[in-house]
Amino acid sequence: MKNLPSYLHGISRVVVDSSVAESPVARRVRERLPHLTAEILPEGETLSPGLAREDILYLKRYRGRFLRHCPGTSHYRCCGYQIIHIGENCPLRCSYCILQAYFHDRVLKVWANQDDLWSELDQAFNSHPALRYRVGTGEFTDSLVLEALTGYSRDLIEFLGRYPQVCLELKSKVVDLSWMDVVRDPSRVLPAWSMNAPAIAEREEQGECAGLEERLAAARTCAQAGFRVCLHFDPMIHFPGWQDGYARTVEMIFDHLRPEQIAYVSMGSFRHMPDLKRSITENFPESTYIYGEFITGLDGKQRLLRPLRVEQFRFLADALRRGGLDRQLYLCMESDEVWQAVLGRTPADMGGLYRHLMAQAFGGET
Amino acid sequence: MNMVDVLTHASARAALLRCPASDLDVGGPWLFWSAPPTPALRRSLENRGQLIPVLVDASGARPVLVAGAARVRVLAELGREALCLDLGAMDGQARGLAYVQSNAGREVSDGQVVLAMRYFQTLPDCDQAAVLESLGLEPRSKRLRLVRSFLSLPGRWDEFLCAGAVPLACADLLEAFAPGDLEALEALFTTLSWSRGSAVNVLTWIREICARDQAAVGDVLDGAGVKDILAGGLSPKDAMNRITQEVRLLRYPALSGMERDFLTAARAVSAGTRWRVTQPDLFESDAVEVCARLTSPDAVRAASAELARIAAREDLDDLFVVGRE
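Residues numbered from 1 in each chain as written. Chains lettered and ligands numbered in written order. Predicted model: local features only at pLDDT ≥ 70, side-chain atom pairs only at ≥ 80, totals over all residues. Heavy atoms only, no water.

Explain the pattern of salt bridges to me, please; I cannot follow it from the model alone.
Residue and element names in this part refer to chain B. Taken as a whole and judged by the stated rule, the model has 41 salt bridges over all chains. Across the salt bridge formed by Arg118 and Asp158, the nearest N and O atoms sit 2.5 Å from each other. Here Arg118, found in helix α4 (residues 110-121), pairs with Asp158, found in helix α7 (residues 157-162); they are 40 residues apart in sequence, far enough to count as distant. Each member of the pair, Arg118 as well as Asp158, is classed as buried. (Salt bridge = Lys/Arg side-chain N within 4 Å of Asp/Glu carboxyl O. Helix = DSSP H or I, 4+ residues; strand = E, 2+ residues; numbered from the N terminus. Buried < 20%, exposed > 50% of the residue type's maximum accessible area, 1.4 Å probe, protein only.)

Help me understand the interface of chain B and chain A, please; the structure alone is not making it clear to me.
Counting residues at the interface gives 20 residues for chain B and 20 residues for chain A. Carbon and sulfur atoms make up 52% of the surface buried where chain B meets chain A, a total of about 1,600 Å² over both sides. Applying the counting rule to chain B against chain A returns three salt bridges. Between Glu284(B) and Arg309(A) there is a salt bridge, with its nearest N and O atoms 2.8 Å apart. Linking chain B with chain A are eleven residue pairs in polar contact (both at pLDDT 80 or more). Classifying every residue of the side of chain B that touches chain A by side-chain character gives eight nonpolar, three polar and nine charged. (Contact = heavy atoms within 4.5 Å. Buried area = accessible area lost by both parts, 1.4 Å probe. Polar contact = N/O pair within 3.5 Å; in protein donor to acceptor, adjacent residues only side chain to side chain. Nonpolar A, V, L, I, M, F, W, Y, C, P; charged D, E, K, R; others polar.)

Is there a simple way to think about the packing of aromatic side chains in this case?
When we look at a pair of aromatic rings, we describe it by the centre distance and by the angle of the planes. Following the criterion strictly, the structure yields 28 aromatic pairs over all chains and no others. Aromatic pair Phe159(A) and Tyr163(A): ring centres 5.7 Å apart, planes at 45 degrees, arrangement tilted. Each member of the pair Phe159(A) and Tyr163(A) is classed as buried. Consider the rings of Phe32(B) and Tyr99(B), whose centres lie 5.0 Å apart with planes at 90 degrees: the pair is edge-to-face. (Phe/Tyr/Trp six-rings, centres within 6.5 Å; stacked < 30°, edge-to-face > 60°.)

Even after reading the chapter, I still don't get the pairing of strand β4 (residues 81-86) of chain B, so can you show me in this structure?
Side-chain direction in a regular strand flips from residue to residue, so the side chains alternate between the two faces of the sheet. Residues and elements named next belong to chain B. Most of β4 sits out of view: five of its six residues are buried. Relative to β4, strand β1 (residues 15-20) is paired through six bridges, and the arrangement is antiparallel. Paired with Cys19 across the two strands is Ala82, which belongs to β4. Note: strand β2 (residues 54-57) against β4, three bridges, orientation parallel. Residue pairing for β4: Val54 is matched across the bridge by Cys84. (Pairing = 2+ DSSP bridges.)

Explanation requested: the sheet that holds strand β15 (residues 271-272) of chain A in the structure shown.
The strands that make up a sheet pair up through hydrogen bonds in the backbone, lying either parallel or antiparallel. Strand order in the open sheet formed by three strands is β15-β17-β16 (chain A), with antiparallel pairing between adjacent strands. Pairing within the sheet leaves two strands with one partner each, and these edge strands are β15 and β16 (294-296) of chain A.

Explain the packing of helix α7 (residues 212-224) of chain A against helix α8 (residues 242-256) of chain A to me, please; I cannot follow it from the model alone.
The axes of two packed helices give the description: the angle between them and the distance between them. All names here are of chain A. Here α7 crosses α8 at 30 degrees, and the two axes come no closer than 9 Å. For the element pair α7 / α8, the angle class is roughly parallel. Where α7 crosses over α8, the handedness of that crossing is right-handed. Judged by residue contacts, Leu212, Glu213, Leu216, Ala217 and Arg220 of α7 engage Arg248, Thr249, Met252, Ile253, Asp255 and His256 from α8. Broken down by class, the residue content of the contact of α7 with α8 amounts to five nonpolar, two polar and four charged. (Axes fitted to C-alpha atoms, helices over the stretch in contact; angles between N-to-C directions. Parallel < 35°, antiparallel > 145°, perpendicular 65-115°, else oblique. Left-handed = near helix turned anticlockwise from the far one by under 90°.)

Read these as geometric descriptors, not functional statements.
Structure, rendered in structure tokens:
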């Protein structure tokens, strides 16, 4: 326990599906949480739904599809990222986190039937050996937040080492570099960290997230080891003083990284389904950014009024451009109008966002 | 309406008695829905006399009225006796339930439910299930949740609810305001009766402005010019529209400005034509919608010519830049 990072100290109960009780992930969790006796869930039984507790780690036999497309929405440009689904929920407490609305419980779930995952990935990658994949695990959980317990990303990296046509992005708000030594080719792994204005990182990313400096220091360590890193300004938050905040973060980025060490940088404005607003007002009553000028977008989600988004994006993009980034910049879930206003180009001008980011991920290899 | 026959409680020992109406103790707090007698009731009692007994608890020195306050009031004014059905000794809960049941034939409004619940919640060891059942409230219903929220408000808000000035749907919004802010909000409901949708919108916006700007409700209402609007002699409908508009302007200043600019540009280009020009998606796109309702080929030809004139206008660009600025 004492060797585990503080963001995992809250776990007080481990539940394991009987069919995965002897899986490598379950074995590791037992070793690393020796003070907890795992409860074995017999075949056919499920953990009671509606569990609001975030102190339960559930090692589950997952029966759905592991490899899937990012749930982008209509009317806006999606980056075409594919998800390797390794689990759900996160012990960190970010006020804006979409997972609050995605899932009805807060149980930390890990898909421990990795053999099924490997089979599905083998089948997918072998059936299209010429096709390149940009995949990531940071959609429904933080890619690395449970790494110290499960070693999941380490396993995944070892597995994907056989597939040079696959580039894996590990998106996180913590610092865990324990997976680095198993990487066969650093050009096929993209460590990625969330970026935000310092005030947002301090106030809205509660729990035990690494500070921005720590994230960037970790990014620098990766860059020095030959990796290219990704940075995600998503969600950008509209708050009083946002200009100073985002300008400071850009300064910090270029204090730690050179432009060529960055594969890409995304910019996405805070957007949400109505349910998330209710979660935020209940769970984070001090968070006032949700009272900004949000309108219902073309996809039915709430998003900041377009000129306000454009102003923020333009400010950030200009600052990042002054630091030497340009082709690496992209907008997450935005329209061509916004692309044009912010970056002076649309995804179509770059051959499509999916293709462009694929090229960026693979270091410009076409 | 009296429905004595549904009072199963009284069936075993109920007895009829007569006493001067003015001798009855009519001050019971369980008479929570009592209203002044209607002219029809007064006429009926004057012309035909009392046809249905009022309910009393005659176990004490003086009969206590359990239900039938309006009739007793008229009979007392007429100096007559009241025909009473004595239900025997009853505690506060039984009197309240008997009162509700004696009114079981009529629809119970949200305000009446709140008044009843206020009475029952003052009673120690009250059987909540029996109360909810008598009021027709489902234990897990949204209505009960809202009623409970409303009960957390000061009692004077009951008047607004009973008068139809504030809808019950606003209860959870109102509950979230601090006492001083609630007091400031009373100005909105003293003379105006809000529809559910408008009230929810206005209160939501006010709450969000307060949270966003760390402001008190009084300051927000001042900023919206509510005092002047209320004192301006507008019709209630116009006053509510104006307040809604001003509060929305404070909540969405940039969007409101864009809407104003678009409206100005749209009016300029479409003036004198049958075309209606609108922005369809809250400025998410640069799109503009132009529509006309036409009822004859001649109207189509005329509208077509008008559209050609609109297309030739130099200020047409103004319509398409609002969302970009």
